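# A structural walkthrough
The lines below spell out each chain.
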Amino acid sequence: MIYAESMRSIRTKESSMAKILIVGGVAGGATTAARLRRMDEGAEILLFERGRYISYANCGLPYFIGGVIENRDRLFVQTPEGFGRRFRIDIRTRSEVTRIDRQNKRVEVRNLESGETYTEGYDKLVLSPGAEPVKPPIPGIDLPGIFTVRNVPDTDRIKEHIHKSRPRHALIVGAGFIGLEMAENLHRLGLRVTIVEMAEQVMTPLDFEMAAEVHQHLKTKNVEFYLKEAVSAFEGRKGRIAAVLSGGKTLLVDLVILGIGVRPDAVLAREAGLEIGSRGGITVNGYLQSSDPDIYALGDAIEFPNPIIGRAMTVYLAGPANKQGRVVADNIARGNVRTYQGSIATAIAQVFDLTVASTGLSEKVLRAEGVPYLSSITHSASHAGYYPDAQPTSLKIVFSPKDGKLFGAQIVGFQGVDKRIDVIAALLKRGGTVYDLEEVEHAYAPPYSSAKDPVNIAGFVAENILQGLVKPVQWYDLEGRDAGGTLLLDVREPSEFEAGHIEGAVNIPLNSLRERLGDLPREGRIVVYCGVGLRAYVGCRILMQHGFGEVFNLSGGWKTWQYVSQEQSNEDIFEHDIIGKDDNIYQAQVED
Ligand code: FAD
């Protein structure tokens, strides 16, 4: 956010008598309201919320369902009464804004308790209506036992269903962040969990090889999942729900969570003739003003230029919505004094024992957008390897081949993922480069990191690539390779090679490489790999300095290769399971 000069005079300005209406009372709406009051004691502020609650923690809902958050009251950051009193805001819950009359600067409001409709005038209007879950029109989608998870009433309904119907098998449709959080929480409650995902991978912000690591982890948790499959119909069957998959299989479950995705809730704005962008979000300028200067919009409902590539994108995250609330409030109170800089969509999720995080743009987005990039995958330990319980951390960065400018990062690991993604996000947001990653000065003691943190390592490797010290190839470059033209050289120890290697590879351990250079062809490509890429880098340097021209290092090494070359889905694992009256699981052929 950029402060204009006039922010300096905030304290000296007088409060206004402006009337400000806010639509939506959760992340963006409530933040705007509170900041507005702190900026302007004189304004008349009304907040309309369709639901019964305001300012609640929707990010906590999956954990309340799973019982991690035990007390429902903990979800409510504020009550309408408490919030209204503290900030002297007229809070109207169960009140839906149904129409905006821009000509006369009025909104139409329906009281959802009484059914009464009335109008309310404004000087400035703020729209923070959020996003709505996608609910495709497939047959049976409204059957009992099928839920979305957007708000507290959704959560109450799911809790009640679990309590009353004692479901044993849950189906999650869609494997985004919320879908996976729900999978983990229902699994925690003891349900068998099946996930069906239409894409070839879970968690869209990740590139495939990083998601592949999540796939392998889900298998260890006995989560069944189908990739490249969609649900084509739901049917009620003997008190259960039959989900028919596009591939023809039918899953019999007791509870369905739809986590297919969300889209901006831009209905009001669209009907009022406000400009809607190509992503379906409300178009706003840097001050977060819509195409009508008296109407501001923020949160999940807007689209905004991505700071890295400048193209409009939607971001469905709480952090940006909250920060935008502050921008909107200051701009209303003080007259467009702040500009929003855009979000790089930094996100994190716990997926069972794993932490999965991303910031900026993935390789697949850059490819789709036609932006030239380089990428590198490093596998490091979460802290010093000699200190107990160090855990593997996979870190992928994507950067500009021209100047090393960071485009994005993804981290999958068990410890310290959050701090590392935040450091990278902070640099990325400021236009940082891979050279900045090398310079990151981190707090180090053996239980926390290594003298060279995984973030530094990622920077060192990227610098080597940019300087031409090593040329990377990615796992997908090896798929369908011309076996005659490419020599795959495995420089690990023979015992490692015997335990598993890439088909067609030749094993020359790194320590014997100098003596065996004569065994290698001078023509053609040599792709060198090892466990994670470090020994292969040394091997590449030896070969390059001995005049081998076309030498490449397999990014992420055998470790990444293993993740991507295993079966990705985990199908049919419950097919022959039946749960007996004694609650034990038996294997048998079950009749539908
Ligand atoms: P919301 O917070 O959704 O608020 C919009 C409100 O507007 C709604 O309450 C709606 O009822 C109301 N409304 C809409 N139209 C009208 C109308 N016409 N009249 C009156 N009221 C109206 N983000 C993260 O960063 N991290 C997480 O871990 C995370 N977890 C999540 C888990 C779940 C289950 C969900 C649902 C979301 C999660 N999010 C997470 C996303 C985050 O909650 C949203 O990005 C954020 O709440 C968006 O804020 P908003 O103000 O745009 O919309």
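Residues numbered from 1 in each chain as written. Predicted model: local features only at pLDDT ≥ 70, side-chain atom pairs only at ≥ 80, totals over all residues. Heavy atoms only, no water.

Within this structure, the stated rule accounts for 36 salt bridges. For D294, the salt bridge identified is with K105, shortest N-O distance 3.1 Å. A residue pair is termed long-range when its members are at least 10 positions apart, and D294 in the loop between β19 (282-283) and β20 (295-297) and K105 in the loop between β5 (95-101) and β6 (106-111) qualify at 189 residues. Salt-bridge contacts for K471 lead to E550; the nearest nitrogen and oxygen are separated by 3.7 Å. Taken together, the positions of K471 in the loop between α12 (454-466) and β29 (472-473) and E550 in the loop between α15 (534-545) and β33 (551-554) put the pair 79 residues apart, joining distant regions of the chain. Since its relative accessible area comes to 27%, K471 is described here as partly exposed. Owing to a relative accessible area of 41%, E550 belongs among the partly exposed residues under this scheme. Salt bridges sharing common partners tie together D207, E209, E363, R367 and K396. (Salt bridge = Lys/Arg side-chain N within 4 Å of Asp/Glu carboxyl O. Helix = DSSP H or I, 4+ residues; strand = E, 2+ residues; numbered from the N terminus. Buried < 20%, exposed > 50% of the residue type's maximum accessible area, 1.4 Å probe, protein only.)

It is worth spelling out empty space enclosed by the protein at this point. Empty space left among the atoms is revealed by rolling a probe the size of a water molecule over them. Taken as a whole, this structure holds one cavity of 30 Å³ or more when the rule is applied. Taken as a whole, the largest cavity encloses approximately 90 Å³ of empty space. Forming the walls of the largest cavity are G299, I302, F304, P305, N306, M313, T314, V315, P320, Q324, Y340 and S343. When contributions to the lining of the largest cavity are tallied by element, the ones reaching two or more residues are β21 (302-305), β22 (312-314) and α8 (318-334). (1 Å grid on protein atoms, 1.4 Å probe; cavity = no way out; pocket = protein on both sides within 12 Å on 5 of 7 lines; lining within 4 Å. Points joined across faces, edges and corners; volume = space filled by probe spheres on them.)

Turning next to the packing of aromatic side chains. All told, the structure shown has five aromatic pairs when counted by the stated rule. Arranged with centres 5.6 Å apart and planes meeting at 35 degrees, the rings of F208 and W475 form a pair that is tilted. Note that F208 is positioned in helix α6 (residues 208-220) and W475 in helix α13 (residues 475-478), a separation of 267 residues in sequence. Taken individually, F208 and W475 each receive the classification buried, so the pair is uniform in this respect. Ring geometry for W475 and Y476: centres 5.4 Å apart, planes at 80 degrees, overall edge-to-face. Three or more aromatic residues link up through ring pairs in this structure, and these residues are F208, W475 and Y476. A cation over a ring is seen here: R367 above Y476, with NZ or CZ 5.5 Å from the ring centre. Looking at R522, its charged tip hangs above the ring of F548, at a distance of 3.9 Å from the centre. (Phe/Tyr/Trp six-rings, centres within 6.5 Å; stacked < 30°, edge-to-face > 60°. Lys NZ or Arg CZ within 6 Å of the ring centre and 35° of its normal.)

Residue-level pLDDT values for the chain average 94, and 94% of them are 70 or greater. Between residues 3-12, whose pLDDT stays under 50, and residues either more than four places distant or in other chains, the model counts 10 contacts. (pLDDT = per-residue confidence, 0-100. Contact = heavy atoms within 4.5 Å.)

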